[in-house]
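# Working through the structure, step by step
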Amino acid sequence: MDKLEGTSLDITKQNIKKLKELFPNCVNEGKIDFDMLQTVLGEEIETAKEKYQFTWNGKTAAIKLAQTPSSSTLRPCKEKSKNWDTTDNLYIEGDNLEVLKQLQKTYYGKIKMIYIDPPYNTGHDFIYKDDYRNGIKKYIDQTKQSGKSNPETSGRYHTDWLNMIYPRLLLAKNLLSDDGAIFISIDDNEVFNLKTICDEIFGQTNFIGNIVRATGTTTGQDSNGLGKSFDYILCYSKSSDFNVGGVLLSDEDVERYNLEDEKGKFSILQLRRTGNEDRREDRPTMYFPITAPDGTKVYPIGPTGYESRWRVGPETVEQRLRNNELYFKKDSNGEWKVYYKYYLDNRTKRPSNLWTELDGNKKAQIEIKELFDKAVFDTPKPTQLIQKIIEISSDKESIILDFFSGSSTTAHAIMQQNSSDNGKRQFIMVQLPEDLDESLKTCSKSNEQIIKNAIEVCDEIGAEHSLAVVGAERIRRAGEKIKTVWLDNHKSEGLFADEAEEFPVDIGFKVFKLDSTNLRPWDNENIIDDDNLFDTMADVFKPDRSREDILYEIMLKYGIFDMPVTKAEVNGKTMYKVGSRYMLVCLEDILSEADINAICNEQPRVVVFKEAGFANDNDKINAVYNLTKAGVEDVKCI
Ligand SMILES: C[S@@+](CC[C@H](N)C(=O)[O-])C[C@H]1O[C@@H](n2cnc3c(N)ncnc32)[C@H](O)[C@@H]1O
């Protein structure tokens, strides 16, 4: 019986696997044959010492950090969750580097859109020191402290920020689906460094654009330089499969559709080619006459009288004529001109990269105040902004991730968008449980009141003083508000055909907390001393951990964290079914042959046992034999 692997995905192994798929002859016994790889790639190898590159102190360690597997886990926290049994949304409290590692096995290639709004590196907004030798221990120690400062005088100003963001982006990229994309909010401090590392991580050809977003305020006008009125959103796709979706037309755009026929409103575009290569000699087959309504033959003639050409050939023109999709109009000289008809229908347009029309940061604060009656977070983004990103980058079934979720604006925007277009998008929010009492000690005078307000919110709900509590509470309140608005609208429009009709949007979320592994043997920090030696042999589980903690750790480490779970009695013993007949988890002791037979009858594909659940090796071997014979594909133990 094989043991279940206790760590997150081994990215190095994964990379070697990909290389092997491409160049099987370059991998021997799991090791790369660099000479062979060089031969395979021929002339395309860069050997010059002085090459185009961007590097800084710690870059190699940052790559290692992303690649070092971690044994941490995500522990379910039902009492902090909403609609646990029915929701597909996740709210994860923890350091996002560790969490991103843990999400790899389940969500590799499954996320359609990632939005992040990382600390901008303004000198006071980022905190966290990663340690690749023991990320989880460092995390547990550090979340007890604060120290939000990266002063420019530290001499490692950009370096620290790059070392923070680089490994996280490497891991984030793996999670994107082939038709997925990442959007990153940033300002002048790091936009150029961020662009450079994103070119490297996602590839220059996957750069979709740099959106300039008006913040609605101008900051820093009292200093010597220019006041700041915008920030940026860098967008990269995973591959060329990503398409930017269209946005709805503005009222001004709609006004241009001022003509109408039996098919509806339309606007027109010249059929004659304009701009470059618009001459007859450029495409001779596209110079031909089209018959106007009065029988006149119309030729494509340029503004100075030269012979021009149509945009399409005779066959397409024939087809458009048959469908009544061409429009004829005389110009001021009484000459016929031919146009395409563009129908309004459900037309959308390509978004530009200049976003000035949306709610600004002040509105974002108002949104928070509408939910909490006071400011509880210092740098929220406006919901409308994230909704626009969702609109142009996702479809209705997408999974969307924000691993710097702050006040959970992204979750709010997803629920809002789902409510307006009947979508089923799911969210995964990740937020560091920053200790608000500690933040209060180190914050600037201007933020003091906001943090005190946030602490009040935590007290009102009887929770610990943590920023993650505030982020989760935002989702709770925003979800209820969206539901109330939906119900009111439905009632006022008399839309309730069926009284039992329910609000269709998932406004629940499952809370998980990052922690060290539940299993002693997987914990590289676990020290076995004489006192607990007997205990350790008797039980592999840490004493303060529940069965459900262990169940979700198994799902995480097996890569099926997104599957539904049901508790079941099998031969009188409590077991867990994961997915529809996918996995059966049995953490019971003293397993009998009858128990194994009952498990076989459940017909799962995978079974996981507690190794100590078998009385002896013989029983274990028999169990594997019987399960395999019954069609179970994989039997694991922990
Ligand atoms: C600029 S704020 C995001 C604001 C968010 N877009 C909103 O609208 O509320 C960045 C957030 O990332 C969180 N954060 C910083 N480092 C983190 C880490 N290592 N893991 C998880 N969250 C982190 C901070 O606590 C902060 O709440």
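Residues numbered from 1 in each chain as written. Predicted model: local features only at pLDDT ≥ 70, side-chain atom pairs only at ≥ 80, totals over all residues. Heavy atoms only, no water.

With that settled, consider the overall build of the protein. The helix and strand tally for the protein stands at 19 helices and 26 strands. Taken along its principal axes, the extent of the C-alpha atoms in the protein is 100 × 75 × 65 Å. A total of 638 residues make up the protein; the buried ones form 49% of that total. A total of about 32400 Å² of accessible surface is found on the protein, and carbon and sulfur atoms cover 48% of it. Across the protein, the 85 positively charged side chains and the 106 negatively charged ones have centroids separated by 3 Å. (Helix = DSSP H or I, 4+ residues; strand = E, 2+ residues; numbered from the N terminus. Buried < 20%, exposed > 50% of the residue type's maximum accessible area, 1.4 Å probe, protein only. Areas by Shrake-Rupley, 256 points an atom, 1.4 Å probe, with all protein chains shown as cover. Lys, Arg positive; Asp, Glu negative; His and termini not counted. Charge placed at Lys NZ, Arg CZ, Asp CG, Glu CD.)

Our next topic: the domain arrangement of the protein. With domains assigned, the protein is organised as domain 1 (2-52), domain 2 (64-246 + 350-510), domain 3 (251-348) and domain 4 (520-637). For domain 3 and domain 4, the distance between their C-alpha centroids amounts to 70 Å. (Domains from an automatic or database assignment.)

Within strand β6 (residues 111-116), six of the six residues are buried, which leaves it mostly tucked inside the rest of the structure. Here β6 runs beside strand β7 (residues 176-186); their pairing, made up of five bridges, is parallel. The partner of Met113 across the bridge, within β7, is Ala181. Across two bridges, β6 lies against strand β19 (residues 399-402) in parallel orientation. Its bridge partner lying in β19, Met113 is registered against Ile400. (Pairing = 2+ DSSP bridges.)

This brings us to the site of the ligand. Around the ligand sit 19 residues in total, of which Asp117, Ser407, Thr409, Gln431 and Glu434 are the nearest. Asn96 has a polar backbone atom sitting 2.9 Å from a nitrogen atom of the ligand. Between the ligand and Asp117, the relevant distance is 2.8 Å, taken from a nitrogen atom to a side-chain nitrogen or oxygen of the residue. Protein chains shield 94% of the accessible area of the ligand, which is 600 Å² for the free molecule. Of the residues that constitute the shell around the ligand, the class distribution is six nonpolar, eight polar and five charged. (Near = heavy atom within 4 Å. Polar contact = N/O pair within 3.5 Å; in protein donor to acceptor, adjacent residues only side chain to side chain. Nonpolar A, V, L, I, M, F, W, Y, C, P; charged D, E, K, R; others polar.)

Core analysis: the biggest nonpolar cluster contains 74 residues, and Leu169, Ile428 and Ile638 have the highest contact counts within it. In terms of residue count, helix α6 (residues 157-175) provides more of this core than any other element does, nine residues in total. Among residues more than four places away in sequence, those in contact with Leu169 are Ile116, Ile182, Ile184, Leu194, Ile197, Cys198, Ile201 and Phe202. Phe183, Ile389, Met429 and Ala463 belong to the second-largest nonpolar core, a separate cluster that totals 51 residues. (Core = buried A, V, L, I, M, F, W, Y, C linked by side-chain atoms within 4.5 Å. Contact = heavy atoms within 4.5 Å.)

Glancing now at helix α15 (residues 467-492). The α-helix advances 3.6 residues per turn, and as a result positions three or four apart in sequence lie on the same side. Compared with an ideal rise of 1.5 Å per residue, which puts 26 residues at 38 Å, α15 spans 38 Å between its outermost C-alpha atoms and is within 8% of the ideal. The distance from a side-chain oxygen at the start of α15 to the backbone nitrogen of Ala468 is 3.0 Å, and the residue carrying that oxygen is Ser466. Positioned one or two residues after α15, Gly494 has a phi angle of 60 degrees, which is positive. (Expected span 1.5 Å × (residues − 1).)

So, about the side chain of Thr383. Secondary-structure assignment places Thr383 in helix α11 (residues 383-393). Here Thr383 falls in the buried class, since its relative accessible area comes to 3%. Apart from the residues lying within four places of it in its own chain, the contact partners of Thr383 are Glu367, Thr409, His412, Ala413 and Arg474.

Two aromatic rings are characterised by how far apart their centres lie and by the angle between their planes. Scanning all chains against the criterion turns up 20 aromatic pairs. Centroid distance Trp84 to Phe512: 5.5 Å. Interplanar angle 45 degrees. Geometry classified as tilted. In this pair, Trp84 sits in the loop between β4 (73-76) and β5 (90-93) while Phe512 sits in strand β21 (residues 510-515), placing the two residues 428 residues apart along the sequence. Through pairs of rings, three or more aromatic residues link up here, namely Trp84, Phe512, Tyr552 and Phe561. Sitting above the plane of the Phe207 ring, Lys195 keeps its charged end 4.2 Å from the centroid. Positioned above the aromatic ring of Tyr306, the side-chain terminus of Arg279 is 3.8 Å from the ring centre. (Phe/Tyr/Trp six-rings, centres within 6.5 Å; stacked < 30°, edge-to-face > 60°. Lys NZ or Arg CZ within 6 Å of the ring centre and 35° of its normal.)

Attention now moves to the environment of Lys481. Looking at the secondary structure, you find Lys481 in helix α15. Given a relative accessible area of 38%, Lys481 falls into the partly exposed group. In this structure the C-alpha to C-alpha distance between Lys481 and Glu370, which are 111 residues apart in sequence, comes to 10.0 Å. Leaving out residues up to four positions away in the same chain, Lys481 has contacts with Glu370 and Leu371.

Across the sheet, ten strands lie side by side as β4-β21-β5-β20-β19-β6-β7-β9-β8-β18; this open sheet has mixed pairing. Edge positions in the open sheet fall to β4 and β18 (354-355), since each of these has one partner strand only. Against the sheet, helix α4 (residues 96-107) makes contact with β4, β5, β6, β19, β20 (426-431) and β21, and its axis sits at roughly 150 degrees relative to β20, the strand it touches most. (Axes fitted to C-alpha atoms, helices over the stretch in contact; angles between N-to-C directions.)

All right, on to a negative patch on the surface then. On the surface, a cluster of negative charge is made up of Asp178, Asp179, Asp241, Asp395 and Glu397. Looking at the element boundaries, Asp179 is found in strand β7. (Patch = residues over 30% accessible without salt bridge, like charges linked within 9 Å, V, L, I, M, F, W, Y side chains within 5 Å. Salt bridge = Lys/Arg side-chain N within 4 Å of Asp/Glu carboxyl O.)

If you walk through the whole model with that rule in mind, you get 46 salt bridges. Residue Arg75 is joined to Asp515 by a salt bridge in which the shortest nitrogen-to-oxygen separation is 2.9 Å. Of this pair, Arg75 sits in strand β4 while Asp515 sits in strand β21, and the two are 440 residues apart along the sequence. In terms of burial, Arg75 and Asp515 fall into one category: buried. If you follow the salt bridges from partner to partner, you end up with Lys374, Glu456, Glu460, Glu473, Arg476 and Arg477 in one network.

A few words now on helix α10 (residues 361-372). Between the first and last C-alpha of α10 there are 17 Å, a value that for twelve residues agrees with the 16 Å anticipated at 1.5 Å per step. Listed in full, the buried residues belonging to α10 are Ala364, Gln365, Glu367, Ile368, Leu371 and Phe372. The buried residues of α10 occupy an angular sector of 155 degrees when projected down its axis, which confines them to one face. Looking at the residues trailing α10, positive phi occurs at Asp373, about 70 degrees. (Arc of directions from axis to C-beta.)

Structurally, Ser267 is set in strand β12 (residues 264-270). Non-local contacts of Ser267, meaning those with residues more than four positions away in its chain, are made with Arg256, Tyr257, Tyr340, Lys341 and Tyr342.

With that settled, consider the sheet that holds β12. Strand order in the open sheet formed by four strands is β11-β12-β16-β15, and the pairing between neighbours is antiparallel. What marks the edges here is a single partner per strand, and that holds for β11 (259-261) and β15 (326-330). Neighbour to neighbour, the strand axes of the sheet diverge by 50 degrees on average, direction disregarded. Pairing of β15 with strand β16 (residues 336-343) involves five bridges; the strand directions are antiparallel.

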